Amino acid sequence: MRFLLDDEQRAFAHSLDALLSAADTPSAVRSWGAGDHTAGRALWSRIAGAGVFALAVPEAYEGVGPLPVELAVAFVELGRHAVPGPLVETVAAAALLSEPGLAKRFLPGLASGETIATVAATDGSYALDSSYALDGDAATTLLALDGGGLRLAPGHGPVRTSIDPARRLTRPAPGGELLATGPQVAPAAAHALTWARLATAAQALGVGLTLLDRTVAYVKQRSQFGVPIGSFQAVKHRLADAKVALEFARPLLFGAALTMDPADVAAAKVTACEAAYTTARSALQLHGAIGYTAEYDLSLWLTKARALRTAWGTPGECREMVLK
């Protein structure tokens, strides 16, 4: 099936691309990874002002959604520009806090960008990712799920680094306000997982597209034996394989956004993340030694492709969901 964005959706993507192109996102990413959130928070406010987080929030709570297709469009652009921060986690929090009392309290802040949220499942009771919360040191709302229910954590433990320096991991502190308990928590957690996987898939697709674009441009400039390496058949085959993988992931992503079926979303997530990871490996090989340097901007996308591959569900977990 061929999925085409309408004029309004394409205009939204172009406006986000223009907004992020005008910002110095590589500098913001590096500052974020060093623990300085000033530039990242300013970028967050601009993204929220463009309506990105409002897409996951119902109109009753000052959002414009839920609009999963438009959210996927937005997250592709966020991935293209390697925007830092708990972007996916804020979307997951919006889905997790759907009970009317909690929604009225938290969702307007999420939609406006005033609230930066992150989520962790602290004891494995829910299949939400891991016991670590992404960017807990930057989040204003840290949600923790455990066997007792959903808590508003009072703080976090030491920051741990990950394979992507801009993804800072923390464990939520024990205790805090109990927001929800009982049988309604598990369905809310499953709903949040579906939204998180959709946003992760879209973000990974955007990461892969930028890696491909940068690599195509680079192989036209790098020469061996007096000719650009992009003229070599083997190089063309590697790039063609990456292009096919990414383009195959695109209709799965938007098809899943239309149905929001957990199996469809899991299929989109594993396909997009594997395509981005494959593209990252090709990009690293074709860039040669410079691709291994952290100072070169390509590294910001290389490490993110690797991290997103297992975020919100490993390839094995997503395939298991598809086969159920």
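Above this text sits the structure in question.
Bear in mind the structure is a predicted one, so any value in this text is a computation, not a measurement. (Residues numbered from 1 in each chain as written. Predicted model: local features only at pLDDT ≥ 70, side-chain atom pairs only at ≥ 80, totals over all residues. Heavy atoms only, no water.)

Please clarify how the packing of aromatic side chains should be interpreted in this entry.
For any two aromatic rings, the description comes down to two numbers: the centre-to-centre distance and the angle of the planes. Tallying each qualifying case throughout the model produces 1 aromatic pair. Here Arg 171 stacks its cationic end above the ring of Tyr 132, 4.3 Å away from the centre of that ring. (Phe/Tyr/Trp six-rings, centres within 6.5 Å; stacked < 30°, edge-to-face > 60°. Lys NZ or Arg CZ within 6 Å of the ring centre and 35° of its normal.)

Could you clarify how one ought to interpret the environment of Phe 232 in this entry?
Along the chain, Phe 232 falls in the loop between strand 8 (227-228) and helix 8 (233-259). Here the alpha-carbon distance between Phe 232 and Val 219, two residues 13 residues apart in the chain, equals 9.5 Å. If sequence neighbours within four positions are ignored, Phe 232 has contacts with Gln 224, Phe 225 and Val 227. (Helix = DSSP H or I, 4+ residues; strand = E, 2+ residues; numbered from the N terminus. Contact = heavy atoms within 4.5 Å.)

Please clarify how helix 1 (residues 7-22) should be interpreted in this entry.
Counting along an α-helix, one turn takes 3.6 residues, and residues three or four places apart therefore face a common direction. Between its terminal C-alpha atoms helix 1 stretches 22 Å, which fits the 22 Å expected from 16 residues at 1.5 Å a residue. Those residues of helix 1 lying buried are Gln 9, Phe 12, Ala 13, Leu 16, Leu 19 and Leu 20. Buried positions in helix 1, seen along its axis, are confined to an arc of 125 degrees and lie on one side of it. For helix 1, the exposed residues lying more than 90 degrees away from the buried face are Asp 7, His 14 and Ala 22. (Expected span 1.5 Å × (residues − 1). Buried < 20%, exposed > 50% of the residue type's maximum accessible area, 1.4 Å probe, protein only. Arc of directions from axis to C-beta.)

I tried to follow the packing of helix 5 (residues 87-96) against helix 7 (residues 185-219) on my own but got confused; where do I start?
Any two packed helices are characterised by how steeply their axes cross, that is the angle between the axes, and by the distance between the axes. Where helix 5 meets helix 7, the axes come as close as 8 Å, and the angle between the chain directions of the two elements is 150 degrees. Comparing the axis directions of helix 5 and helix 7 gives the class roughly antiparallel. Relative to helix 7, the crossing made by helix 5 is right-handed. When helix 5 is examined against helix 7, the residues Leu 87, Val 88, Val 91, Ala 92, Ala 95 and Leu 96 are found in contact with a partner set consisting of Ala 188, Ala 189, His 191, Ala 192, Trp 195, Ala 196, Ala 199, Thr 200 and Gln 203. (Axes fitted to C-alpha atoms, helices over the stretch in contact; angles between N-to-C directions. Parallel < 35°, antiparallel > 145°, perpendicular 65-115°, else oblique. Left-handed = near helix turned anticlockwise from the far one by under 90°.)

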